[in-house]
Amino acid sequence: MIQPFTTEPIRRIGDDGTPIGDATPQHSPDALRALWRDMLRAREFDKKLVTLLRQGRTTFYAQASGMEATQVGIARGMRAKHDWIWPYYRDQGIGLALGIPIRDLVSQCLGSNNDLNKGRQMPHHFGDARFNFMSISSSIANQVAPAAGTAMAQKYLGTDEITICTFGDGATSEGDWHAGMNMAAVNGAPCLFICENNQWAISVPVHAQTASENIHIKARAYGMPGYYVDGNDVIAVQEVVQHVADRVRRGEGPALIECLTYRVGSHSNADADAEKFYRTRDEVEAWTSRDPIRRFEAYLDHLGQGIEADERAQLIQDTHAEIEAAVREADASGFPDWRIMFDDVYSDTPTHLRDQFELVRAEQEA
Ligand SMILES: Cc1ncc(C[n+]2csc(CCOP(=O)(O)OP(=O)(O)O)c2C)c(N)n1
Ligand SMILES: [Mg+2]
């Protein structure tokens, strides 16, 4: 039975990979492999994109290394292409696990002509209408009130879709977060709020972010249940997300889940050497030893479904090859034409924009 407001995070896999309780009654070997695959693909995606960043091929990237169990558990706990998600900027692992092709994520990061969003967003700010994956915003907590609004629409339309809204620990002290939580709660909107608590907001530790004893307890003030889960345990995250999503879908109102995890890498490429300036190497090493992928591999070993070294190497190689092919495809498509700046906003372009179009054209043709 999954209960809200537990003192300890809900766990299904111990640090050494030992199952806790009856960990996986509903998981087939293929389903377990899929969770592993999604996590390792996300890890390798991060590594390759950081390389592209260092090569100057893209200008912004925020790794989620160490947070894969949280992100894959969320994606696999919701109904892909059915439920809506208002993600935050570090959610590439959710996008990948929902099925957004690597090709589309890479072309977005490179701002190429084959980008679904025509290079209009900042790099690493994906959006994909096919997956009800709303376009990412860098403004902290900016997505929370719109998520509440989306869920209110779902309620009024009587669909059985729900809205998932993710954010970091730092977002929970923004005014927008509180407004969105309150609006969803008071309207009984089918919104599932999920905090990916990686314990830092750039250089601000979570204890300096909030005086609450944890994040999930904040749900109480809004009249919602708040669940606490080990965010480095993919089985626990998926199970809790599925359980709470069902509750939300049944019309029992919104809920909050806090996934306790850790950002092992830097905040983004705008963050210099984190260990030098604001956190200790010991802390990072302690969390690295609780790596969610290694923990899950130990769990599979325990079940007698262990991953062979060549199977691991093959998946890494295939993921890299897929990313490299995506880069070649993006390069071949070139960059978007400047004219697309003026498209898709108004059915009839207003005069001032027509004037600006002419100005840019004169500049381009000069
Ligand atoms: C409204 C707003 N204020 C400040 C920033 C600068 N900023 C970018 S990321 C970040 C930290 C957010 O931390 P958290 O929500 O915990 O997410 P994490 O980066 O840890 O995944 C801040 C303060 C911003 N983008 N938007
Ligand atoms: Mg954080």
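As named in an unreviewed UniProt entry, the chain is 2-oxoisovalerate dehydrogenase subunit alpha, taken from Deinococcus maricopensis. Quoted straight from UniProt, the Cofactor (unreviewed entry) entry for the chain says "thiamine diphosphate". Looking at the chain in UniProt, the text filed under Catalytic activity (unreviewed entry) is "N(6)-[(R)-lipoyl]-L-lysyl-[protein] + 3-methyl-2-oxobutanoate + H(+) = N(6)-[(R)-S(8)-2-methylpropanoyldihydrolipoyl]-L-lysyl-[protein] + CO2".

K.L.:
Give a detailed account of the overall build of the chain, specifying residues and quantitative values.
P.N.:
Across its full length, the chain holds 13 helices and seven strands. Over its C-alpha trace the chain gives a radius of gyration of 21 Å, about what one expects of a compact globule, namely 21 Å for 366 residues. Dimensions of the chain, computed from C-alpha atoms along their principal axes, come out at roughly 70 × 50 × 40 Å. Relative to its 366 residues, the chain shows a buried fraction of 53%. Within the chain, counting contacts between residues at least 6 apart in sequence, those at least 24 apart form 75% of the total. Carbon and sulfur atoms make up 51% of the accessible area of the chain, which amounts to about 16,100 Å² in all. Of the charged side chains in the chain, 36 are positive and 52 negative, and the gap between their average positions amounts to 1 Å.

K.L.:
Tell me about the side chain of E44, and name the residues and values.
P.N.:
Along the chain, E44 falls in helix 1 (residues 29-54). When its relative accessible area of 3% is taken as the criterion, E44 is described as buried. A polar contact is formed between the side chain of E44 and the side chain of H320, at a distance of 2.7 Å. When neighbours within four sequence positions are excluded, E44 is seen to be in contact with I316, T319, H320 and I323.

K.L.:
How would you summarise the site of ligand 1 if you had to cite specific residues and measurements?
P.N.:
Among the 16 residues in the neighbourhood of ligand 1, the closest are listed as Y88, Y89, R90, G170 and W200. A distance of 2.9 Å separates a nitrogen atom of ligand 1 from a polar atom in the backbone of S138. Within the contact set of ligand 1, a nitrogen atom lies 3.1 Å away from a backbone nitrogen or oxygen of I140. Considered on its own, ligand 1 offers 590 Å² of accessible surface; in the complex 71% of this is hidden by protein. For the shell around ligand 1, a count of residues per class yields seven nonpolar, six polar and three charged.

K.L.:
Which residues make up the domain arrangement of the chain, and what values go with them?
P.N.:
Split into domains, the chain comes out as domain 1 (29-335) and domain 2 (337-366). Summarising the inter-unit geometry, the C-alpha centres of domain 1 and domain 2 are found 36 Å apart.

K.L.:
Which residues make up the pattern of salt bridges, and what values do they have?
P.N.:
Under the definition given, this model contains 29 salt bridges. Residues D15 and R11 are paired through a salt bridge, measuring 2.6 Å at the closest nitrogen-oxygen approach. Exposure remark for D15: the relative accessible area of 45% places this residue in the partly exposed category. Among the residues examined, R11 registers a relative accessible area of 25% and is labelled partly exposed. Here R57 ties to D331 by a salt bridge, and the two come within 2.5 Å at their closest N and O atoms.

K.L.:
Mind laying out the environment of Y227, listing which residues take part and the relevant values?
P.N.:
Note on placement: Y227 falls in strand 6 (residues 226-230). Its relative accessible area of 3% is what places Y227 among the buried residues. Residues Y227 and T6 lie 221 residues apart in sequence; the distance between their C-alpha atoms is 7.1 Å. Dropping the residues within four chain positions of it, Y227 is found in contact with I2, Q3, P4, H216, V240, V244, R247, A255, L256, I257 and E258.

K.L.:
Hey, could you go over the nonpolar core for me, with residue numbers and the actual values?
P.N.:
F45, F133, L192, I257 and F296 are the most contacted members of the largest nonpolar core, which totals 69 residues. Per element, the largest residue contribution to this core is eleven residues, and it comes from helix 1. When residues no more than four places from it in sequence are discounted, the contact partners of L192 are T163, I164, C165, V241, V244, A245, V248, A255 and I257. Formed by 22 residues, the second largest nonpolar core is a distinct cluster that contains A141, A151, C165 and I215.

K.L.:
Tell me about the coordination of the magnesium ion (ligand 2), and please be specific about residues and values.
P.N.:
At this site the magnesium ion (ligand 2) is bound by D169 (OD), N198 (OD1) and W200 (O), with donor distances of 2.1 to 2.2 Å. Read N to C, the donor residues that coordinate the magnesium ion (ligand 2) are spaced as D-x28-N-x1-W. Of the two residues, N198 and W200, both sit in the buried class.

K.L.:
Outline the packing of helix 4 (residues 102-110) against helix 12 (residues 309-333), listing residues and values.
P.N.:
How two helices pack is summed up by the angle between their axes together with the distance between the axes. It is the contact of helix 4 with helix 12, at a shortest axis distance of 9 Å, that shows an interaxial angle of 50°. It follows from the interaxial angle that helix 4 and helix 12 lie oblique. Helix 4 and helix 12 meet at a crossing whose hand is right-handed. Residues I102, R103, V106, S107 and L110 of helix 4 pack against T319, E322, I323, A326, V327, E329 and A330 of helix 12. Its residues placed into classes, the contact of helix 4 with helix 12 shows seven nonpolar, two polar and three charged.

Rules of the game
- Residues numbered from 1 in each chain as written.
- Chains lettered and ligands numbered in written order.
- Predicted model: local features only at pLDDT ≥ 70, side-chain atom pairs only at ≥ 80, totals over all residues.
- Heavy atoms only, no water.
- UniProt positions renumbered as here; feature names shortened; annotations may be inferred.
- Helix = DSSP H or I, 4+ residues; strand = E, 2+ residues; numbered from the N terminus.
- Rg over C-alpha atoms; globule rule 2.2 N^0.38 Å.
- Buried < 20%, exposed > 50% of the residue type's maximum accessible area, 1.4 Å probe, protein only.
- Contact = heavy atoms within 4.5 Å.
- Areas by Shrake-Rupley, 256 points an atom, 1.4 Å probe, with all protein chains shown as cover.
- Lys, Arg positive; Asp, Glu negative; His and termini not counted.
- Charge placed at Lys NZ, Arg CZ, Asp CG, Glu CD.
- Polar contact = N/O pair within 3.5 Å; in protein donor to acceptor, adjacent residues only side chain to side chain.
- Near = heavy atom within 4 Å.
- Nonpolar A, V, L, I, M, F, W, Y, C, P; charged D, E, K, R; others polar.
- Domains from an automatic or database assignment.
- Salt bridge = Lys/Arg side-chain N within 4 Å of Asp/Glu carboxyl O.
- Core = buried A, V, L, I, M, F, W, Y, C linked by side-chain atoms within 4.5 Å.
- Donors = N, O, S within 2.8 Å, 3.2 Å for Na, K, Ca; no water.
- Axes fitted to C-alpha atoms, helices over the stretch in contact; angles between N-to-C directions.
- Parallel < 35°, antiparallel > 145°, perpendicular 65-115°, else oblique.
- Left-handed = near helix turned anticlockwise from the far one by under 90°.

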